[in-house]
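Here is what each chain is made of, one letter per residue.
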Amino acid sequence: TRGWAHFFAHLAQPQEKDDQLAGLAKKMKLLARSGKVDVWAALCNRYSKPQELYQYVAQAYEAMEKGDPDAAEAIMCTASLRYGETVECLLFRASLCRLRKAWERAKSLVVKALAKEPSLTVYYELFLVHLQMGDGERAHLLLQFMEHSMGTFGIDDKAWRERLAQGRSLLTARGMRERNP
């Protein structure tokens, strides 16, 4: 039978190397050497100003609303360079990868976030990754874990109950049901 050991196996899976930050740094270096002062100045003014993390997130959301996920990810990479790989940065980047159907990369970023801060928010993002990957069994196990762990995480509110009920509805809508172990 499958149990919690099977559920926790996702933490032991090899993580995909995240080279997005290195690639962005390389592009910035090449741009700096190109002599295109106007482009360099515009980028510096937009992304290099000292900002709070929430400001980077707001800019990234704005880019997403404009249909530019590449810009959103570049903004969040900039935030990661400034603030380190915070849970917020990792989750936002994971959701971008999920929207692009880059499942393994999304899962890797969520696992990094779990290592930093295991929370219902992080587990819910992992649930969404598995759900959209079509892995109903793992998605169901994650949902079950979150339902049973609300007290452990000190959460007892209507909003989370509704969110988890919505997750269960998403599973049902996709025709994913719990498999017998």
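In this text, all values refer to a predicted model and were calculated from it rather than measured experimentally.

**Some words on the overall build of the protein chain**
When its secondary structure is counted, the protein chain shows eleven helices and zero strands. Counting from the amino terminus, the protein chain carries its helices and strands in the arrangement α-α-α-α-α-α-α-α-α-α-α. Counting the 181 residues in the protein chain, one finds 41% classified as buried. Put simply, 60% of the contacts in the protein chain that link residues at least 6 apart link residues at least 24 apart. Per element, the accessible surface of the protein chain, about 10500 Å² overall, is 52% carbon and sulfur.

**Examining helix α8 (residues 103–116)**
With 14 residues, α8 ought to run about 20 Å at 1.5 Å a step, and its terminal C-alpha atoms sit 20 Å apart, in line with that. Within α8 the residues assigned to the buried category are R105, A106, K107, S108, L109, V110, V111, A113 and L114.

**A look at the packing of helix α7 (residues 87–99) against helix α9 (residues 120–133)**
Where α7 contacts α9, the axes come no closer than 11 Å and their chain directions differ by 15 degrees. Regarding the angle of α7 to α9, the classification is roughly parallel. Here the hand of the crossing between α7 and α9 comes out left-handed. Note on element contacts: α9 touches α7 through T121, V122, E125, L128, V129 and Q132, opposite V87, L91, A94, S95 and R98. Among the residues making up the contact of α7 with α9, the classes are represented as six nonpolar, three polar and two charged.

**Observations concerning the packing of aromatic side chains**
Per the stated rule, a full pass over the model turns up six aromatic pairs. Ring geometry for Y56 against Y83: centres 6.3 Å apart, planes inclined by 75 degrees, an arrangement best described as edge-to-face. Of the two residues, Y56 is situated in helix α5 (residues 53–65) and Y83 in helix α6 (residues 69–83); the sequence distance between them amounts to 27 residues. Residue Y83 is classed as partly exposed on the basis of its relative accessible area of 32%. Seen in terms of ring centroids, Y123 and F153 are 6.3 Å apart; in terms of plane orientation they differ by 55 degrees. Their pairing is tilted. Linking Y123 in helix α9 with F153 in the loop between α10 (136–149) and α11 (158–173), this pair joins segments that are 30 residues apart in sequence. Taking relative accessible area as the criterion, F153 reaches 27% and is therefore assigned partly exposed.

**Concerning the nonpolar core**
For soluble globular proteins, the rule of thumb is that nonpolar side chains tend to be buried together. Formed by 30 residues in total, the largest nonpolar core has its most connected members in F127 and M146. At the level of elements, α7, α8, α9, α10 and α11 are the ones that each hand at least two residues to this core. Here the element with the most residues in this core is α9; it accounts for nine residues. Once you skip the residues sitting within four places of it in the chain, F127 turns out to touch A139, L142, L143, M146, G167 and L171. A60, A72, F92 and L96 belong to the second largest nonpolar core, which has 13 residues in total.

**Focus: the confidence of the model for the protein chain**
Taken as a whole, the protein chain shows an average pLDDT of 81; of its residues, 70% reach a score of 70 or greater. Predicted confidence in the protein chain is weakest over helix α4 (residues 37–47), with a mean pLDDT of 59, and strongest over α9, with 94.

**As for the environment of D68**
Of note, D68 is situated in the loop between α5 and α6. Take D68: its relative accessible area is 34%, and that puts it in the partly exposed class. A distance of 3.2 Å separates the side chain of D68 from the backbone nitrogen of A71, its partner in a polar contact.

**A look at the pattern of salt bridges**
Per the counting criterion, the structure on display carries eleven salt bridges. Between K66 and E62 there is a salt bridge, with the nearest N and O atoms lying 3.5 Å from each other. R98 is paired through a salt bridge with E125; the nearest N and O atoms lie 2.7 Å apart. Residue R98 is found in helix α7, and its partner E125 is found in helix α9; the two are separated by 27 residues along the sequence.

Thresholds applied
- Residues numbered from 1 in each chain as written.
- Predicted model: local features only at pLDDT ≥ 70, side-chain atom pairs only at ≥ 80, totals over all residues.
- Heavy atoms only, no water.
- Helix = DSSP H or I, 4+ residues; strand = E, 2+ residues; numbered from the N terminus.
- Buried < 20%, exposed > 50% of the residue type's maximum accessible area, 1.4 Å probe, protein only.
- Contact = heavy atoms within 4.5 Å.
- Areas by Shrake-Rupley, 256 points an atom, 1.4 Å probe, with all protein chains shown as cover.
- Expected span 1.5 Å × (residues − 1).
- Axes fitted to C-alpha atoms, helices over the stretch in contact; angles between N-to-C directions.
- Parallel < 35°, antiparallel > 145°, perpendicular 65-115°, else oblique.
- Left-handed = near helix turned anticlockwise from the far one by under 90°.
- Nonpolar A, V, L, I, M, F, W, Y, C, P; charged D, E, K, R; others polar.
- Phe/Tyr/Trp six-rings, centres within 6.5 Å; stacked < 30°, edge-to-face > 60°.
- Core = buried A, V, L, I, M, F, W, Y, C linked by side-chain atoms within 4.5 Å.
- pLDDT = per-residue confidence, 0-100.
- Polar contact = N/O pair within 3.5 Å; in protein donor to acceptor, adjacent residues only side chain to side chain.
- Salt bridge = Lys/Arg side-chain N within 4 Å of Asp/Glu carboxyl O.

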